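Observations on the model geometry
Here are the chains, one letter per residue:
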Amino acid sequence: MPASLTHTARPAVSHTVRASSIGYIVQSMVNTFAPLLFVTFQTAYHISLSQLSLLIAVNFSAQIVLDLFASAFADRLGYRPCVITAHCLSAAGIGGLALFPELLPDPFAGLVLAVAIYGAGGGLTEVLLTPIVQACPIERKDKAISMLHSFYCWGSVLVIVLSTLFFRLAGMSHWRVLAGLWAILPLANAVYFAIVPMYDPPAPAERMRLRELTGSAMFWLLILFMFCAGSCEMAIAQWVSHFAEEGLHVSKTVGDLAGPCLFAVLKGAERTWYGKRGNAAHLWAFMLFCAALCAGCYLVVGLSHSPVLALAACTVAGFSTGVMWPGTFTTASQVLPRGGTALFGLLALAGSTLLNLRHQDKHPEEARRSEIERADERNVAIRNRAKAVSGEALQ
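Along each chain, the written sequence defines residue order, and numbers are assigned to residues from 1. For a predicted model such as this one, the threshold for reporting local features is a pLDDT of at least 70, and the threshold for listing and counting side-chain atom pairs is 80 or more; totals across whole chains, interfaces and linings nevertheless cover every residue. Hydrogens are left out, water is left out, and the side-chain values use all remaining heavy atoms of the structure.

For the rest of this paragraph, the subject is the overall build of the protein chain. Segments assigned H or I by DSSP are reported as helices when at least four residues long, segments assigned E as strands when at least two residues long, and all are numbered from the N terminus. When helices and strands are counted, the protein chain shows 16 helices and zero strands. Throughout, exposure labels follow a simple rule: accessible area from a 1.4 Å probe, protein chains only, divided by the maximum for the residue type, with under 20% read as buried, over 50% as exposed, and the rest as partly exposed. Taking all 395 residues of the protein chain together, 55% fall into the buried category. Exposure was quantified through the Shrake-Rupley algorithm and a 1.4 Å probe, taking into account, for residues, occlusion by the shown protein chains and nothing else. By element, 67% of the accessible surface of the protein chain is carried by carbon and sulfur atoms, the whole surface being about 16,600 Å².

The following block contains the structure:
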């Protein structure tokens, strides 16, 4: 735990923050694990590339729907039962990847069911974790939220590295075992959430109604901030794999793996640094600095003729975008303290809608190609990323 939390929060409350941090690792697992198995799904169940793409759409559609409606559940039932349910759904979906295709007549239908279940769990988790930590009696909540969101980045790297290691040592034929092992994490954290102290959302009489919330000019400014945060992250994330390939002189499959990992590591490092060492940094001043740094990285990427320099700019951009999402959440809780869970749900929806767009092909010539050609190339990129992890030759 960061010193800022352990020194300012009661020990019992620090467990709530720890459980929420693990929750973000669960959220990253929900978004990261299944794509590592795409090659296996394609060969084992004879499903097409378009069906693999549909699995991605089902996952993020479920998350976006839950982003929209999760606040109603949390405000009525409280945080604890909702976050426990979210973790149970995540566990059922991840474990269901191994079970449902074998139980249903159509294996693809089983995959869709599993993805929809853990997508719903991921959507609930995304909306609930930030307000849970915001409600805790701790100082410098901006630091706490930054540290909290860093666990998504570290979780993504952890899932990729550990899954890759498992596949290398045990072989891809044992992927169902790994799915079962990953399902233990959300189940264990659900038990953790059942015993940690929880501070429920404001009473209904104290919360802003949706009409009042959407009628606030500050609310729409925050929505714009979230959209810009997603834009800054997505614009660079689309190119980092290409520049990793060109700058490091590695294959496309290795670039597709190394580029996003570098981006996530720098983003996680920034959030961790601010969570631990951000005592002297004013949140808004730091966000403005990071925005200027991100703009500078854009200029380097766009104007530099050196792939190595462009890759460095992409990774530094990961650092610069790290504070934008958690910083906006913290600002929202300060300027709209009666916003309740609905505020965080709508902000998450604004950011996720853009972040969950599928990556485009990296080459500029693509803009002149047909939609069918672009879809084909994106599907090949999906297959290449999975191949990098599985180490198996495509069938």
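What follows covers helix H12 (residues 283–303). Taking 1.5 Å per residue, 21 residues should reach 30 Å; H12 reaches 30 Å between its end C-alpha atoms and fits that length. Within H12, burial applies to Leu283, Phe286, Met287, Cys290, Cys294, Cys297 and Val301. End-on view of H12: buried residues confined to an arc of 95 degrees, all on one side of the axis. Facing away from the buried side of H12 by over 90 degrees, the exposed positions are Leu288, Leu299, Gly302 and Leu303. A helix is expected to span 1.5 Å for every residue after the first. In this description, one arc is meant: the one made by directions from the helix axis to the C-beta atoms.

Bringing the packing of helix H4 (residues 49–77) against helix H5 (residues 79–103) into the picture now. The interhelical angle for the contact between H4 and H5, taken along N-to-C directions, is 135 degrees, at an axis separation of 7 Å. Put simply, H4 runs oblique to H5. For the pair H4 and H5, contact is made by Phe73, Ala74 and Leu77 and by Tyr79, Pro81 and Cys82, respectively. Grouping the amino acids of the contact of H4 with H5 by side-chain chemistry returns six nonpolar, no polar and no charged. Fitted lines through C-alpha atoms give the axes, limited to the stretch in contact for helices. The angle between two N-to-C directions lies from 0 to 180 degrees. By the definition adopted for this analysis, an angle is roughly parallel if under 35 degrees, roughly antiparallel if over 145, roughly perpendicular if from 65 to 115, and oblique otherwise. Contacts between residues were defined by any pair of non-hydrogen atoms, one from each residue, lying within 4.5 Å. The nonpolar class holds Ala, Val, Leu, Ile, Met, Phe, Trp, Tyr, Cys and Pro. Asp, Glu, Lys and Arg form the charged class, and all remaining residues, Gly among them, are polar.

Okay, the side chain of Ser146 next. Of note, Ser146 is situated in helix H7 (residues 141–170). Using a relative accessible area of 1% as the deciding quantity, one classes Ser146 as buried. Residue contacts for Ser146: discarding those within four places in its chain leaves Arg271, Tyr274, Gly275 and Pro326.

So, on to H5. Between its first and last C-alpha atoms H5 spans 33 Å; for 25 residues at 1.5 Å apiece the expected length is 36 Å, and the two agree. A maximum bend of about 60 degrees is found in H5 at Gly96. For a residue, the bend is simply the angle between two axes, fitted respectively to the seven-residue segment ending there and the seven-residue segment starting there.

Looking now at the confidence of the model for the protein chain. Summary statistics for the protein chain give a mean pLDDT of 77 and a share of 76% for residues scoring 70 or more. Per-residue pLDDT stays below 50 along residues 1–9; that stretch engages in 17 contacts with residues further than four places along the chain or on separate chains. Note: pLDDT gives the predictor's confidence per residue, expressed from 0 to 100.

Note on ring pairs: Phe, Tyr and Trp rings are taken, using the six-membered ring of Trp, and paired if centres are within 6.5 Å. Classes follow the plane angle, with under 30 degrees stacked, over 60 edge-to-face and the rest tilted. Scanning all chains against the criterion turns up six aromatic pairs. Each ring, one from Phe38 and one from Phe41, has its centre 6.5 Å from the other, and the planes form 50 degrees; the classification is tilted. Here the residue Phe38 and the residue Phe41 both occupy positions in helix H3 (residues 38–45), the gap between them amounting to three residues, near one helical turn. Measuring from ring centre to ring centre gives 6.3 Å for Phe286 and Phe289, while their planes differ by 25 degrees; the resulting arrangement is stacked. Of the two residues, Phe286 and Phe289 are both situated in helix H12; the distance of three residues between them amounts to about one turn of the helix.

So, about the pattern of salt bridges. Here, a salt bridge means any side-chain nitrogen of Lys or Arg that lies within 4 Å of a carboxyl oxygen of Asp or Glu. Taken as a whole and judged by the stated rule, the model has one salt bridge. The salt bridge partner of Arg176 is Glu102, with a shortest N-O separation of 2.9 Å. One end of the pair, Arg176, is in helix H8 (residues 175–195); the other, Glu102, is in helix H5, and 74 residues separate them in sequence.

Turning our attention to the packing of H3 against H4. Each packed pair of helices is defined by two parameters, the angle between the axes and the distance between the axes. Packing of H3 against H4 leaves a shortest axis separation of 10 Å and a crossing angle of 130 degrees. Relative to H4, H3 is oriented oblique. Crossing handedness for the pair H3 and H4: right-handed. Seen from H3, the contacting residues are Phe38, Phe41 and Gln42; seen from H4, they are Leu49, Leu52, Leu55 and Ile56. For the contact of H3 with H4, a count of residues per class yields six nonpolar, one polar and no charged. Note on convention: near helix rotated counterclockwise from far helix by under a right angle means a left-handed crossing. Clockwise means right-handed.

A few words on the environment of Gly123. Along the chain, Gly123 falls in helix H6 (residues 107–134). Remark: the alpha-carbon pair of Gly123 and Phe69, spanning 54 residues in sequence, is separated by 9.5 Å. Aside from chain neighbours lying at most four places away, what touches Gly123 is Gln63, Leu66 and Asp67.

Moving on, we come to a nonpolar patch on the surface. A patch is a set of surface residues, each over 30% in relative accessible area and not in a salt bridge, joined within 9 Å for like charges and within 5 Å for the nonpolar side chains Val, Leu, Ile, Met, Phe, Trp and Tyr. On the surface, Val65, Leu68, Phe69, Phe73 and Leu77 cluster together into a nonpolar patch covering about 490 Å² of accessible area. The residue Leu77 is located in helix H4 in this model.

Before going further, it helps to examine unusual backbone geometry. We note that His46 has phi near 55 degrees; this positive angle belongs to a residue other than glycine. Summarising the element assignment, His46 is placed in the loop between H3 and H4. A relative accessible area of 69% places His46 in the exposed class.

Attention now moves to the environment of Gln51. Turning to its location among the elements, Gln51 is positioned in helix H4. Separated by 61 residues in the primary sequence, Gln51 and Val112 place their C-alpha atoms 9.4 Å from one another. Within the local environment of Gln51, its side chain forms a polar contact with the backbone nitrogen of Ser48, the two atoms lying 2.8 Å apart. Polar contacts here mean pairs of N or O atoms no more than 3.5 Å apart (in protein, one a potential hydrogen donor and the other a potential acceptor; neighbouring residues in sequence count only if both atoms are side-chain atoms).

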